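Spelled out from the first residue to the last, the chains are:
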Amino acid sequence: MKLDSKIPEGPLAEKWTKHKFNLKLVNPANKRKYDVIIVGTGLAGASAAASLAELGYNVKAFCFQDSPRRAHSIAAQGGINAAKNYQNDGDSIYRLFYDTIKGGDYRAREGNVYRLAEVSVSIIDQCVAQGVPFAREYGGLLSNRSFGGAQVSRTFYARGQTGQQLLLGAYSAMNRQIANGKVKMYNRTEMLDVVLVDGKARGIITRDLLTGKIEAHSAHAVLLCTGGYGNVFYLSTNAKGSNVTAAWRAHKKGALFGNPCYTQIHPTCIPVSGDHQSKLTLMSESLRNDGRVWVPKVARPGLRAADAVNIPESERDYFLERRYPSFGNLVPRDVASRNAKMVCDEGKGVGPTGLAVFLDFTDAIKRDGKKTIEAKYGNLFDMYQQITGDNPYEAPMMIFPAVHYTMGGLWVDYNLMTNVPGLYALGEANFSDHGANRLGASALMQGLADGYFVIPYTIGDYLAGMSNEKVSIDRPEFQEAIKQTSERINKLLTIKGKKTVDEFHRELGLTMWEYCGMSRNEQGLKTAKKKIQEIKAEFWSNVNVLGSGNELNMELEKANRVADFIELGELMVDDALSRSESCGGHFREESATEDGEARRKDDEFTYVSAWEYKGDNQQAVLHKEPLVFENVKLTQRSYK
């Protein structure tokens, strides 16, 4: 299988402009004849729905939440990157492009990343016009703050609620089109399969989460905007409902899965406190602007935050500032996470479990005053105090790395189309822009870039080349998909085993974190593959799903999703096994530099892994898309 990325020819800065001109167009009168299905209504989905409906297309939008406002995009805290250079500190489109390529450890396409940096400038204008209340400087310009992996301030923010405010902007734009009749919204509806007709994506199968009704919906194209799969680890910063089902079912219908083992570990999360937890809480990376990360120079097991204030400066190890003097506490997420784990492995970790480091704001409060810090981070400090009982104004926060974002996803070309014609993936659901590690504040940028500024052009090129004739859901392809979906649900309900869905999910998550998390080795990955196969076999013979399929049944919803997570977990392990290099946050113990940093193997692994599904319990097949770097020199990353 040859993978055609469709990256345009020509100079980097001209690729997108020329490509837009060369794309075929659908004239305004004909747009109303085409139907587009959008699954997911977070930043990518809501912005795409609003934009395509504004152009005249008929949009059917689906979300499993009770409202599009509940999409997980709302949880993003710290900000959104854009190369506006308002600070006049040397930023530019090219610098944002370079920082993103470098931050991703040189495992992303140059063309895609440059386009992302290019349209970032327009995203901010679009959002301001929608009323997004970005923070402003005294003179009226939008304010910026710094994030990891950059030496300029390019992150726009609305206190610690940036994702919420951006989502409300996109949601409002989509609501306008719902009122105009151009978007039909399906709430509490989950996609369970994609339907292909003559090899093209022409619809989806859904389940009404209130009634259990299985239905088919047809369209001329299908857009998956369903986020990432971090919950494969059970404990993550993702909302409990976040899942891989839509993308995984598309994968099983032929869509290649790109770089599945690339997972982002976020360094500033509230540490695990016990077995009772079902998710973890993120503390925004923006806190590292003013917070200093440290541990005691000499191990002090069980050290509490309240007692840390009495430890003198001479007995503190500000290990990020020591190891990376140029970037200090603002190194990229993978570097900060790996170093936090390292000092904890050395026995210097703090808190009751020893799996935490301090994030201390004492110096910032002394320097700028409590009111200034409160204006920047007040809601984050309040959230931390409500969860932990500690007051960050008086004692340091305790943080530890946790699974946050997934750089892997469905393989797409430059037009955001998967290898299945008519099937697109936007935002975190695709693999395209972040390589092996995403820089902070780039998720919101990619989701809105794809929805507002990329897909409105590229989908027209596809639709212009096909008939506007609608496909009937009475066709055998739709009826067969309904039948298979119903049979799968009935199978889950009739197993009547002895273990709950959560027990299987937790067991899978522990296996993934231990063997395919921040640190990996060949033997551990082989052990994980065997364990996951055993978990899968037991799941399908011993899971107990209560209730019926004809009602609101959250256990059934979880069972469907966990079954997909189990299969995805095995593919992630396969991908990690095939890539015997350390790259981004994926530390392969057999591949390290002399000073303990990650060592890439550019001569072997400068490619995108694109995996093809070959059938149940069959070994997936790896295809490789070579990555070509014409504008950036591949070097060992250094933030020192």
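Residues numbered from 1 in each chain as written. Predicted model: local features only at pLDDT ≥ 70, side-chain atom pairs only at ≥ 80, totals over all residues. Heavy atoms only, no water.

Draft legend 1. Expanded view of the pattern of salt bridges. Going through the model one piece at a time under the given rule, you end up with 53 salt bridges. One salt bridge connects arginine 637 with aspartate 105, and the closest N-O pair in it is separated by 3.2 Å. On the criterion of sequence distance, the pair formed by arginine 637 in the segment after β21 (621–626) and aspartate 105 in the loop between α4 (93–103) and α5 (110–129) is long-range, its members being 532 residues apart. Classification of aspartate 105 by relative accessible area gives buried; the value is 3%. Residue aspartate 602 is joined to arginine 600 by a salt bridge in which the shortest nitrogen-to-oxygen separation is 2.8 Å. Judged by relative accessible area, which is 6%, arginine 600 ranks as buried. When salt bridges with common partners are traced through the structure, they connect Asp105, Arg107, Asp334, Arg579, Glu581, Arg600, Asp602 and Arg637 into a single cluster. (Salt bridge = Lys/Arg side-chain N within 4 Å of Asp/Glu carboxyl O. Helix = DSSP H or I, 4+ residues; strand = E, 2+ residues; numbered from the N terminus. Buried < 20%, exposed > 50% of the residue type's maximum accessible area, 1.4 Å probe, protein only.)

Draft legend 2. Inspection of the sheet that holds strand β6 (residues 189–197) at higher detail. If you walk across this open sheet you meet the three strands as β6-β7-β8, and the pairing is antiparallel. Only two strands of the sheet have a single neighbouring strand rather than two, namely β6 and β8 (214–218). For this sheet, the mean angle separating the axes of adjacent strands, direction not counted, is 30°. (Pairing = 2+ DSSP bridges. Axes fitted to C-alpha atoms, helices over the stretch in contact; angles between N-to-C directions.)

Draft legend 3. Molecular detail of the packing of aromatic side chains. Inspection of every chain in the model, using the stated rule, returns 22 aromatic pairs. Ring centres of phenylalanine 539 and tryptophan 540 lie 5.5 Å apart, and the angle between their planes is 80°; this geometry places the pair in the edge-to-face category. The exposure classification of phenylalanine 539 matches that of tryptophan 540, with both residues buried. Taken together through their ring pairs, the aromatic side chains of Phe361, Tyr377, Phe381 and Tyr393 make up a single cluster. A cation sits over an aromatic face here: arginine 115 above tyrosine 414, 4.0 Å from the ring centre. (Phe/Tyr/Trp six-rings, centres within 6.5 Å; stacked < 30°, edge-to-face > 60°. Lys NZ or Arg CZ within 6 Å of the ring centre and 35° of its normal.)

Draft legend 4. Examining the nonpolar core more closely. If you look at the biggest cluster of nonpolar residues, it comprises 151 residues, and the most contacted ones within it are Ile80, Leu223, Tyr424, Ile459, Leu463 and Phe539. Once residues within four sequence positions are removed from consideration, isoleucine 80 is found in contact with Ile123, Ile124, Phe134, Arg154, Thr155, Phe156, Thr162, Leu166, Ala441, Leu444, Met445 and Leu448. If you look at the next biggest cluster of nonpolar residues, it comprises 41 residues, including Ile270, Val295, Leu320 and Met398. (Core = buried A, V, L, I, M, F, W, Y, C linked by side-chain atoms within 4.5 Å. Contact = heavy atoms within 4.5 Å.)

Any link to function would need more than the numbers given here.
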